[in-house]
Amino acid sequence: MRWALNRLALAITSMVALAFLVPLAVATRQIAHDRAVSDARQQATSLVTVLGVDADPTLLTNAVASTAAGSAGRLAVHLPEVDPIGVSHTDAAQINIAAQDRRSVLAPAPDGVAYLQPTVLTDGRTVVVEVYVPDSEMQRGVWTAWLVLGGLAVLLVAGSVALADRLGGQLVKATRQLAGSTRRLGGGDLATRVEPIGPRELQDAANAFNTMADDLHGLLERERELAADLSHRLRTPLTALRLDAEAMPPGPVADRMRQACDLLDSELEEIITGTRRGSQARGPERTDLVEVLADRLAFWSVLAEDQERPWEVVGGDVPVMLPQSHSELILVVDAMLGNVFSHTPEKTAFRVTISPNGLLVDDAGPGIADPARSVQRGVSGAGSTGLGLDIVRRAADESGGQLVIARSPLGGARVGILFAVS
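Residues numbered from 1 in each chain as written. Predicted model: local features only at pLDDT ≥ 70, side-chain atom pairs only at ≥ 80, totals over all residues. Heavy atoms only, no water.

Thoughts on the UniProt feature "transmembrane region" (unreviewed entry) in the chain
- Residues annotated by UniProt as "transmembrane region" (unreviewed entry) correspond here to residues 143–164.
- The distance from the first to the last C-alpha atom of residues 143–164 is 31 Å, and the span holds 100% helix and 0% strand. (UniProt positions renumbered as here; feature names shortened; annotations may be inferred. Helix = DSSP H or I, 4+ residues; strand = E, 2+ residues; numbered from the N terminus.)

Structure follows, in structure tokens:
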């Protein structure tokens, strides 16, 4: 934008400068020409005055030599049947024409012109006074004037471009500030605001952005409080479930129920705390996916043993750090493993593969008929809301990877995340 404004100012100012400079340059040259001819006319007139007093050749010779043009060899007096007094620069034909017409004329001469002024003496003879005007005299001061005009044009163009650049700089600064604040707001910085600067339209846009950011901040605060209140309200039924689990006879089922209650209580506490703090207060988080997977497999392995499901884990020798919280990765792993237990019959085998390249869960079940439909909330079919695989998809997007839903080497479905390897 700034460069475009500079080019526009340069083009407009240059056209304006040319529109004035060309006529002024022509007028300057014409003025210099007229000035030189006017000087020649004055010198011819002064000599005509001398002729009116006395036309003696000796007197005329002294008069010619006493003038500036005569001393420079540019003035001559043409008497009838007498050699010219002074230095002549034009031919006799031009002299005869001027004498016959008895009118002052500009006759062509080598490297200039000759001003011819005829006059009639008292005895009736016609005398022609010639004043030679060289080209250098008719162009005296022209180049200096043109240089001055050119300098003024350059200053005019440079000043207009500098002014346009200053105005463009203000526009660009205000626009970049607005664009930067928009990117920061989109990145989660709800405290960012824009200083209203620049033209009135950009100030209005900045004020509208600040109003939108305030409204968005208030909306998210209300949403966080609502999520925290909802999570807190779940504490009451969770307490009842815990009491029932404590009353169950000792055994694997009771242990799993108590473990699930503890995990659910921990998750609710983290949800309440996290939503009230907000993402900015929590700051960036990184969690080891291998560690989360080991913890969750310890939970799901009990159910797999009850359902007589053979399973295995491939990989997990090196940490796999992801830019997500511990609770978010628990949801991802539970969604992928829960998909196996929810949509395959008992005794169906599954395999978990974990590496820096991704996390894959393969099963030997019936597979997924429509992968695209399976990640849509509320329409995935098979009695599911589709929320589980949507959680996996969002986790893949946040980690810079991609969701994988395909046919498993075991014959069933493959669900997983492939990470972008840098």
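Read on, since the account is not over.
Remarks on the packing of aromatic side chains
- The tally for this structure, following the rule as stated, stands at five aromatic pairs.
- Ring centres of W143 and W146 lie 5.1 Å apart, and the angle between their planes is 75°; this geometry places the pair in the edge-to-face category. Taken as a pair, W143 and W146 lie in helix α6 (residues 142–186) at a separation of three residues, close to a single helical turn.
- Look at W311 and F350: their rings are 6.1 Å apart centre to centre, the planes differ by 5°, and that puts the pair in the stacked class. Of this pair, W311 sits in strand β7 (residues 311–315) while F350 sits in strand β9 (residues 350–355), and the two are 39 residues apart along the sequence.
- The exposure class assigned to W311 is partly exposed, which follows from its relative accessible area of 36%. (Phe/Tyr/Trp six-rings, centres within 6.5 Å; stacked < 30°, edge-to-face > 60°. Buried < 20%, exposed > 50% of the residue type's maximum accessible area, 1.4 Å probe, protein only.)

Focus on the pairing of strand β12 (residues 413–418)
- Summarising the sheet, strand β10 (residues 358–363) and β12 pair through five bridges and their orientation is antiparallel. Bridging from a neighbouring strand, V361 pairs with V415 of β12.
- By the bridge criterion, six bridges tie strand β11 (residues 402–407) to β12 in an arrangement that is antiparallel. Looking at the pairing, L403 lines up with I417 of β12. (Pairing = 2+ DSSP bridges.)

Thoughts on the sheet that holds β11
- Spatial strand order, β7-β9-β10-β12-β11: five strands in an open sheet with mixed pairing. One side of each edge strand has no neighbouring strand; the edge strands of this open sheet are β7 and β11. Across the sheet, the mean angle from the axis of one strand to that of its neighbour is 10°, orientation sign disregarded.
- Contacts between helix α10 (residues 289–306) and the sheet are confined to β7, β9 and β10, with β9 contributing the most and set at about 170° to the helix.
- Here helix α11 (residues 326–343) sits on the sheet and contacts β9, β10 and β12; the angle it forms with β10, its principal contact strand, is near 15°. (Axes fitted to C-alpha atoms, helices over the stretch in contact; angles between N-to-C directions. Contact = heavy atoms within 4.5 Å.)

Topic: the pairing of β10
- Most of β10 is tucked away, with six of its six residues classed as buried.
- Residues G358, L360 and D362 of β10 are buried on one face, and the alternating residues L359, V361 and D363, pointing to the opposite face, are buried as well.
- Bridging between β9 and β10 involves six bridges; their strand directions are antiparallel. Across the sheet, the residue bridging to I354 is L359, located in β10.
- If you look at the hairpin formed by β9 and β10, you'll find two residues sitting between the two strands.

Things to note about a nonpolar patch on the surface
- A grouping of L8, I12, M15, V16, F20 and L24 is seen on the molecular surface, where their side chains present a nonpolar patch of about 590 Å² in accessible area.
- Within the secondary structure, F20 sits in helix α1 (residues 2–53). (Patch = residues over 30% accessible without salt bridge, like charges linked within 9 Å, V, L, I, M, F, W, Y side chains within 5 Å. Areas by Shrake-Rupley, 256 points an atom, 1.4 Å probe, with all protein chains shown as cover. Salt bridge = Lys/Arg side-chain N within 4 Å of Asp/Glu carboxyl O.)

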